Structures are given as C-alpha cells and as structure tokens.
Amino acid sequence: MSSDQLLLSLKSWPEDDPELKSVSSLIARIQAQRGHFRDVDESILESEIREGKGTDALFGDSPVEENEEGARNSAPAAGEELDRVTQLKNAKEEIAALVGHARNEAFLGLDYVSLLVSLHSPEAGSLSMSPALKESVPVGSLGFDKVQRKADPKSVKEDIAISHAWKVEGLNSAADTLMGASKKLGDEVEKEARYWEQILAIREDGWVVTRMPNERRTLGVRFGFAESAAEYKSKGVGALRRGGDGGVVMDDATTTGPHGKAMLRVRVLENGEVKGSSVQSGNKRSGSVKDMIQRARNFIYEDELFFEITREARLMADLGVRTSEDAVTIDLGGGRSIAIDMAPLDDGDVVLDIHNPDSNLAQGVVMAFRILLSYNHRMSLRKRSKPPPPLTQRKIVSPALRMVAPITTHLLHHQHQLNLQSLLGHLIKVVKSAGMSAAFVTKPRHNCLKPVIKNVETAVEAFLERIESEATVKLPGGWKVEINMKTTLGYPLYGTGYIIGTSHDGVSARLMGENKFTSSQEMEMYLFWCLERSIVNEVRYTNDKWEQIAQSNEMWSIDKSTRRIRISVDKTGLSIITGTTGGKDNRVVWDGSDTGRTLQDLLNQPEW
C-alpha cells in the first residue's frame, strides 16, 4: 500500500478524558494558575487577548504548539490537498476489497472442514462444499488420523508423582473437612440435647410450651394470664431461643421490658421529698431458665398493672389524681402525695426499711394494687364463665378496672383519720393543761373488719366498700361528742364526710342531735364550738359564782357583775379573755403545755 493512500481506522474515534473538561477540574486548574476568581475580571482577560499572548489559560502554561505529524495531517501544504470526494471514493473501494478478502478466507475454511467431514459423512460434507471444490477434488479424498505421541518415561513419572500428591492432598483435605464437620456435628448434638433437655424441664414445671405466633419455627413459653386485658393477650408468650452454649435464653425485653423498668414502684412524697419507697425485689442476677420465665411473668403482670392504673387515673383528674407520661400521682393533701411508676429491679441486698412508716405504707399500697389486679382477673373469669349477654349492634367497651379508686379512698381516709386524731389529741392536751378532764377513743375502719372472712373475694369486697371510722370524745361539763367519718369517691360524697352527734344537759347550748359536714374545716370549727360550750358548762358545774350570758360563750360574775370572761377555742389552744366593764381586757392562753395555772385559778383570782 503506497504512502499517498488515505488510511482509515475501523475503530471508534478516541474520546477526550471527561475529567479534563469537568467543571471541578477546570476550577481547580484555574485557581492553581491564576489564583482566586476575585483577582480575574473581564478587563484583564481582554487586555491579554489584545496583547496576543499565545498562552492557553486553561490547559497549560506553555504556548500551544502542534506536533509535526499533527500539523502535516491537519494543515497540508497548498496544492497537495486532495479532493474530498475522491478520498471518500477510494476509502469505500478499499473497505469493499477488505470485506471481500475476509469473505473468501471464510469460504476457504468452510470448504476445508466440509472436505474433512465428507470422509465419514459424504452427504453432510457435500452440502456445504462450494461448486468449485466439488469439481476439482473428489468427495472424501481428504482424511485425517490420530497420531500417537511417544510418552517420555521421565515425564510420565513426574505426572504420576504430581497426580499422587494431588490425590493425597485432596484426601487429607477431605479428612480434615470430615473431622471438622464431625466435631461441629457433635457440638451441635450436645447443644441440641441441652436445649431440648431444658425445654422438657420447663414443660415438666407446668409451663405451656407452644410456637411463637409470628415465628412458626421458634418455640415459646406461655407465661401470661388468661384473663389479662386485650392489649396483653399476645404479650404473654416469650421465645425460647438457643444460646451459644445450647441453653435456653429469653429476650431482655421479655423479662425486664424495653426500658429495663420491670416492677411497679410506690413512693411517699412530702413537699416533693421522698419519705418512703417500696422495694422492687427480684432475682435479676440469676440466669436460670426458671428465673427468666418467672421474671417475664412478673414483668407482664406489673406492666399490665401500671397500664390499668394509668387508664383509671385519667378518669379521676377531678379527685386529685394526676397522670403524666410515666407516673401517676395521688394528692393526699397537706403537701403529701403518693407517686406510682415503673422502676428497675433492686439488687438483692436492698431490703425494706420496716422502721420507716412511710416505707411500710408504700409497700402496703403496692401489695394492695397487686391483690386488686388478681381480684379483677378472678372476676373476669367468673364473668366469662356465665352465659354471654344478648347480641347487640353496639360495641361493648369494657370499663376501667377499679384499683386506684379504692386505694385512693383508703389513703384519703387514713390521712383524714390521722388529722382527726391529731386534732383531738391537741384538744385533749389543751383541756388537761387548763386543769379539766377529757378523753377520746377511735375505731378506725370498723366497717372493713368483718368478723368472718369466708374467701378471698369476701376480704377484697370489704376493701372496695366505703370506709367508716368512729371517734367518741368526752369533753368537760358532761359533754359527749360522737364523730362518724365516711370516705367514698362515689356519689354522693366524692370525698370524706363527717356526722357529729352531741349529747349534754341542754343548758349550755341548744344545738343538739346530728350535724353533717363535708369538709374538715367545718368539722374543726364545730368541735371548737363544742369545746367552748362544754367549758362553759364545766364552769357552771364547778363554780357557782359564774353564770352564762344568753347561751353564748361568755360568762359574768354573780358577785361582781362588772367582771366578765369570754371562752374561745381555735387551733392555737384555749383562750380566756378576762376584763371588767369599761376596763382593759386580758388574754390567757392554754396551748397544751404545762403553765402551772388552771382555769379555776384564774376564775378564783380576787383581782384582775
């Protein structure tokens, strides 16, 4: 092929590197050459163009030069440029010649293979032969034979040695694999045996082993309660998975919850400070299967208990019960409250402080909650055992379980009873410090103390009723006050009510019979009034020189009509205001402390 012929390549034209023309590459190269863009503006670029600089600003720092071959191909000398149509025509003829040559070579190869095939299959071979080959060469005239190469003994020996070595290595590898598989299989058998042994032990202990609802290939144990709320029906099954050593393990979320809070906690607060707390006892360190199942059963019971407490507490916001995201607070008044929440299990060395009354109260409250949930489960079973109600189109919504209301009733009644006992004790001390006699006796929660408890339901039903306590107070002057305190969070009280009956000689006061009060403040004021009138009656009985003025709490001296006294009782104590007509009044107070001076000493004093 002559040097003046046009050379064409059948390959695709090489493309430029896209990285060289990418925006990120251009920006980096411009900044490397010229610095920051703020130093380059249009006027500088125009001045460089006018000066005719031959520097490529983007692709290099040297003048743009073409190599000799590129200059000869891209810019041929004048007179040597060929006509473009002629170049294309020559190129087409050359491509056609090359294609024809390739076609001829393919046909020759086909004739060669067909002639070989015609030796054993003349019909099949002659079908693909060209007519020229059939005319020039007879069919089946070209044959072939296998040539036996004489083997080299040394090479054969080496091949045998290599083959033997490969076989030995393969056998050793297979033996190691089999030994490893056998050991692994033995370990798996031991793990499976240990796993199924523990599964059988779980079943022998009375637990129900079943399949997991969402994992049909996984065994589980049913530790939930049949009478639980609908939200806890599916949570009472835990997966019994095989651990690394083959033992049975359970998920931590099943035994202690997703947040690690596994047991109900009750705390007694006073002005925001914790005064007592219940104990969250549990064998959390033990890893045995029985302990894990027991912890899971305890957790689901405690979790349902807190769920029902929160559900009922939302309906008691008007009765001083507050709810938050993770706690329920019962306000007892006087800055005291009960906080209920979920807490992690305590360590084994944590014990209840039996010498702290608030801790005993908190532990009693948490035990009462657990008993009430079991009682509600039993009532649900009894209800389910009866014939179902008639079908109706209305959806039957199960009411909230009664647990917070009974306990809140007892707590409020207990707090009001303590307040009443404190008030009566203070009044008795005040009366005795003034030299008079008084006493009181209380019967707390007498209606809950049934003489015969037949079964568990009887005991709990007594706890669910309204609570009544009685107190009998003997005041000076022959007065007797009987207080009946009732607490219920239902109609008609929604709190604590007081029924106070008084009995006396009917001279010092006309207000007799039963008087009903719905607040402790009204009850206190009435008791103060009763004590005032009883002291007036005591003075009438023990000192005939004094006389009551018009059924009031004032008295005047028979000997000296200008001398008067007024008897007043309040939270501070007993106050006697003495004075004369037109004179200055004096105040004497008995607050329960020993002053060494009695009321009779004051009345018998000759001069004031």
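A quick note: this is a predicted structure, and the numbers were derived from the prediction, not measured. (Residues numbered from 1 in each chain as written. Predicted model: local features only at pLDDT ≥ 70, side-chain atom pairs only at ≥ 80, totals over all residues. Heavy atoms only, no water.)

Enquirer: With reference to specific residues and values, describe the overall build of the protein chain.
Expert: Scanning the protein chain for helices and strands turns up 15 helices and 20 strands. Each of the 608 residues in the protein chain was classed as buried or not, and the buried ones make up 32%. Accessible area of the protein chain: about 39400 Å², with a carbon and sulfur share of 55%. (Helix = DSSP H or I, 4+ residues; strand = E, 2+ residues; numbered from the N terminus. Buried < 20%, exposed > 50% of the residue type's maximum accessible area, 1.4 Å probe, protein only. Areas by Shrake-Rupley, 256 points an atom, 1.4 Å probe, with all protein chains shown as cover.)

Enquirer: Break down helix α11 (residues 357-385) for me, with residues and values.
Expert: With 29 residues, α11 ought to run about 42 Å at 1.5 Å a step, and its terminal C-alpha atoms sit 42 Å apart, in line with that. With a side-chain oxygen lying 3.1 Å from the backbone nitrogen of aspartate 358, the N-terminal cap of α11 falls on asparagine 356. (Expected span 1.5 Å × (residues − 1). Polar contact = N/O pair within 3.5 Å; in protein donor to acceptor, adjacent residues only side chain to side chain.)

Enquirer: Lay out the sheet that holds strand β2 (residues 219-222) with the relevant residues and their values.
Expert: With respect to topology, 3 strands assemble into an open sheet ordered β1-β2-β3, the strand pairing being antiparallel. A strand with exactly one partner marks an edge of an open sheet, and here the two such strands are β1 (208-211) and β3 (237-239). The mean angle between the axes of side-by-side strands here comes to 40°, regardless of whether they run parallel or antiparallel. Both β2 and β3 contribute to a ladder of 3 bridges, which runs antiparallel. The residue bridging glycine 220 from the neighbouring strand is alanine 239, located in β3. Where helix α8 (residues 153-204) meets the sheet, it contacts β1 and β2, and its direction lies at approximately 20° from that of β2. (Pairing = 2+ DSSP bridges. Axes fitted to C-alpha atoms, helices over the stretch in contact; angles between N-to-C directions. Contact = heavy atoms within 4.5 Å.)

Enquirer: Describe the sheet that holds strand β19 (residues 573-580), and please don't skip the residues or the numbers.
Expert: One open sheet holds the 5 strands; their spatial order is β16-β17-β18-β19-β20, and the pairing between them is antiparallel. Two strands close off the open sheet at either side, each with one partner strand: β16 (546-548) and β20 (586-590). Averaged over all pairs of adjacent strands, the angle between their axes in this sheet comes to 25°, without regard to strand direction. Where β19 and β20 come together, 5 bridges link them in antiparallel fashion. Considered in β20, the bridge of isoleucine 576 is made with valine 588. Set on the sheet, helix α12 (residues 404-433) makes contact with β18 (563-570), β19 and β20; between it and β19 the angle comes to about 40°. In this fold helix α14 (residues 520-542) packs onto β16, β17 (554-557), β18 and β19, with an angle of close to 145° to the strand it touches most, β18.

Enquirer: A description of the nonpolar core should follow, citing residues and the corresponding values.
Expert: In terms of nonpolar packing, the biggest core is built from 41 residues, with Ile483, Leu527 and Leu574 touching the most fellow members. Considering each element in turn, this core owes the most residues, 9 residues, to α14. Counting 32 residues, the second-largest nonpolar core is a separate cluster that includes Tyr301, Ala313, Val365 and Val404. (Core = buried A, V, L, I, M, F, W, Y, C linked by side-chain atoms within 4.5 Å.)

Enquirer: Can you tell me about the environment of valine 539, naming the residues and giving the values?
Expert: Within the secondary structure, valine 539 sits in helix α14. Counting along the chain gives 61 residues from valine 539 to glutamine 600, while the straight-line C-alpha distance between them is 8.2 Å.

Enquirer: Which residues make up the environment of leucine 411, and what values go with them?
Expert: With respect to the helices and strands, leucine 411 occurs in helix α12. On the accessibility criterion, leucine 411 (6% relative accessible area) is buried. The spatial distance from the C-alpha of leucine 411 to the C-alpha of aspartate 331 is 9.5 Å, given a sequence separation of 80 residues. Those residues in contact with leucine 411, other than ones at most four positions away along the chain, are Ile330, Leu332, Ile338, Leu361 and Val365.

Enquirer: Describe the packing of aromatic side chains, with residues and values.
Expert: Counting across every chain of the model gives 6 aromatic pairs. Taking the centre distance of 5.2 Å and the plane angle of 40° together, the rings of phenylalanine 517 and tyrosine 526 count as tilted. Across this residue pair, the class does not change: phenylalanine 517 and tyrosine 526 are buried. Relative to tryptophan 529, the ring of tyrosine 526 has its centre 5.8 Å away and its plane inclined at 15°; by these criteria the two rings are stacked. (Phe/Tyr/Trp six-rings, centres within 6.5 Å; stacked < 30°, edge-to-face > 60°.)

Enquirer: Any details on the pattern of salt bridges? Residues and values, ideally.
Expert: On inspection of all chains with the given rule, the structure shows 20 salt bridges. The closest approach of N and O atoms between arginine 241 and glutamate 215, which form a salt bridge, is 3.2 Å. Pair noted here: arginine 241 is in strand β4 (residues 241-242) and glutamate 215 is in the loop between β1 and β2, with a separation of 26 residues, a long-range link. The partner of glutamate 302 in a salt bridge is arginine 370, and the shortest N-O contact between them spans 2.9 Å. Of the two residues, glutamate 302 is situated in helix α10 (residues 289-313) and arginine 370 in helix α11; the sequence distance between them amounts to 68 residues. The buried category is assigned to glutamate 302, whose relative accessible area is 4%. Through salt bridges with shared partners, a single network forms among Glu188, Glu192 and Arg242. (Salt bridge = Lys/Arg side-chain N within 4 Å of Asp/Glu carboxyl O.)

Enquirer: So what about the pairing of β17? Which residues, and what values?
Expert: Residues of β17 alternate between two faces, with Met555 and Ser557 buried on one and Glu554 and Trp556 left unburied on the opposite face. By the bridge criterion, 3 bridges tie β16 to β17 in an arrangement that is antiparallel. Bridging from a neighbouring strand, tryptophan 546 pairs with serine 557 of β17. Following β16, the chain reverses through 5 residues before pairing antiparallel with β17; alanine 550 in that reversal takes a positive phi of roughly 50°.

Enquirer: Provide a residue-level description of a nonpolar patch on the surface, including the pertinent values.
Expert: A cluster of nonpolar side chains, namely Tyr112, Val113 and Val117, defines an oily patch on the protein surface of about 280 Å² accessible area. Structurally, tyrosine 112 is set in helix α5 (residues 84-117). (Patch = residues over 30% accessible without salt bridge, like charges linked within 9 Å, V, L, I, M, F, W, Y side chains within 5 Å.)

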